[in-house]
Amino acid sequence: MQRPPASAARDTRSATLIGSVQRAMRLLETVAAHEYGAPAKQLARETGLALPTAYHLLRTLVHEGYLRRDRGRFFLGAAAERLSSSGAQQKRRSTVADTLAHWRDSLGVPVYLAMYRHGEIEVMCVSASREAPAVEEWADFRETGHAHAVGQCLLSQLDEDARRDHLSRYPARSLTPYTVRDNDALLRRLARTGRMEPVVERQEYALGAVCAAIPITVGTMAATLAVSVPAHQADRLMPVTQRLQGEVARHLGALTLSISI
């Protein structure tokens, strides 16, 4: 079967594009390049648009909030700034995911990132692979913080009142034969844990898995990075955790900036 000429394929693709959208995007890009704004005539000239077309598109963009007009000059509006903010947020999240993936591959274990926000345990990112599978979340992580290393590490960074408040909402309960039995027993254990010491959990959340979590601080917020290994490889847990601590120490500044999501 004979293929159409390349020029015909380009024409077909071009026919599916909306010219007014393309022109509006060129205007937005041009406005963004002018820190102190620019008048319509200058924007029309720089984008190669006829002045009436430029005026029409600029008015539409102002109406939709993507531009604002002040003393005859056009600036980026709130809607465009929200897009920029969302893009920056996505980039930070991508940076965190890439960092965790790098550690997963170099350490050979799944890596978890979690934070304690608004009174809740939030798992922000899990980096796992076929070779380094994550522990299955068979019971809600938010409600079982007493049983897994992630939750215990986050709770260890809170003050006594905050710990008791959390446990009043999510009391300790038995998940496996190794789970801490009640709130008081957990509170005694947390009291013995140094504020910035790693927390180790052995089959308390899931049989067949052992985990360790290291505390990190994001501003005033408690956060943690954790790893897990199969129970039959328990001797790997602490060496891997120590290597992760070293990596975090070297990259903590950049990491905490990206985690602020």
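Residues numbered from 1 in each chain as written. Predicted model: local features only at pLDDT ≥ 70, side-chain atom pairs only at ≥ 80, totals over all residues. Heavy atoms only, no water.

1. A few points about the packing of aromatic side chains
Moving on, step 1. Tallying each qualifying case throughout the model produces two aromatic pairs.
Moving on, step 2. Residues tryptophan 138 and tyrosine 205 carry aromatic rings whose centres are separated by 6.0 Å and whose planes lie at 40 degrees to one another, so their mutual orientation is tilted. Of this pair, tryptophan 138 sits in the loop between strand E5 (120-127) and helix H6 (149-156) while tyrosine 205 sits in the loop between strand E6 (199-202) and strand E7 (209-218), and the two are 67 residues apart along the sequence.
Moving on, step 3. Taking the relative accessible area as the measure of exposure, tryptophan 138 reaches 47% and is therefore partly exposed.
Moving on, step 4. Aromatic side chains phenylalanine 141 and tyrosine 205 sit 5.0 Å apart centroid to centroid with 85 degrees between the ring planes, which places their arrangement in the edge-to-face category. In this pair, phenylalanine 141 sits in the loop between E5 and H6 while tyrosine 205 sits in the loop between E6 and E7, placing the two residues 64 residues apart along the sequence. (Phe/Tyr/Trp six-rings, centres within 6.5 Å; stacked < 30°, edge-to-face > 60°. Helix = DSSP H or I, 4+ residues; strand = E, 2+ residues; numbered from the N terminus. Buried < 20%, exposed > 50% of the residue type's maximum accessible area, 1.4 Å probe, protein only.)

2. Description of the environment of valine 31
Moving on, step 1. Inspection of the secondary structure assignment puts valine 31 in helix H2 (residues 19-32).
Moving on, step 2. In the structure, valine 31 is positioned 44 residues away from phenylalanine 75 in sequence and 6.1 Å away in space, judged by C-alpha atoms.
Moving on, step 3. Once you skip the residues sitting within four places of it in the chain, valine 31 turns out to touch Leu43, Leu67, Phe74, Phe75 and Leu76. (Contact = heavy atoms within 4.5 Å.)

3. Comments concerning the sheet that holds strand E2 (residues 67-70)
Moving on, step 1. An order of E1-E3-E2 is seen for the three strands of this open sheet, with the pairing classed as antiparallel. With partners counted over all chains shown, the strands left at the sheet margins are strand E1 (38-39) and E2, one partner each.
Moving on, step 2. Pairing analysis gives two bridges linking E1 to strand E3 (residues 73-76), with the strands arranged antiparallel. Following the sheet pairing, alanine 38 is matched in E3 by phenylalanine 74.
Moving on, step 3. Strands in contact with H2 are E2 and E3; relative to E3, the strand with the most contacts, it is inclined by about 95 degrees. (Pairing = 2+ DSSP bridges. Axes fitted to C-alpha atoms, helices over the stretch in contact; angles between N-to-C directions.)

4. What to know about the environment of leucine 244
Moving on, step 1. As for its placement among the helices and strands, leucine 244 is situated in helix H9 (residues 237-259).
Moving on, step 2. Sequence separation between leucine 244 and leucine 107 is 137 residues; the distance between their C-alpha atoms is 7.8 Å.

5. Notes on the pattern of salt bridges
Moving on, step 1. Overall, the coordinates contain seven salt bridges when judged by the stated rule.
Moving on, step 2. Between glutamate 120 and arginine 169 there is a salt bridge, with its nearest N and O atoms 3.3 Å apart. Residue glutamate 120 is located in strand E5, and its partner arginine 169 is located in helix H7 (residues 160-169); the two are separated by 49 residues in the primary sequence.
Moving on, step 3. Of the residues examined, arginine 169 reaches a relative accessible area of 33% and is grouped as partly exposed.
Moving on, step 4. Through salt bridges that share partners, Glu120, Asp165 and Arg169 make up one connected network. (Salt bridge = Lys/Arg side-chain N within 4 Å of Asp/Glu carboxyl O.)

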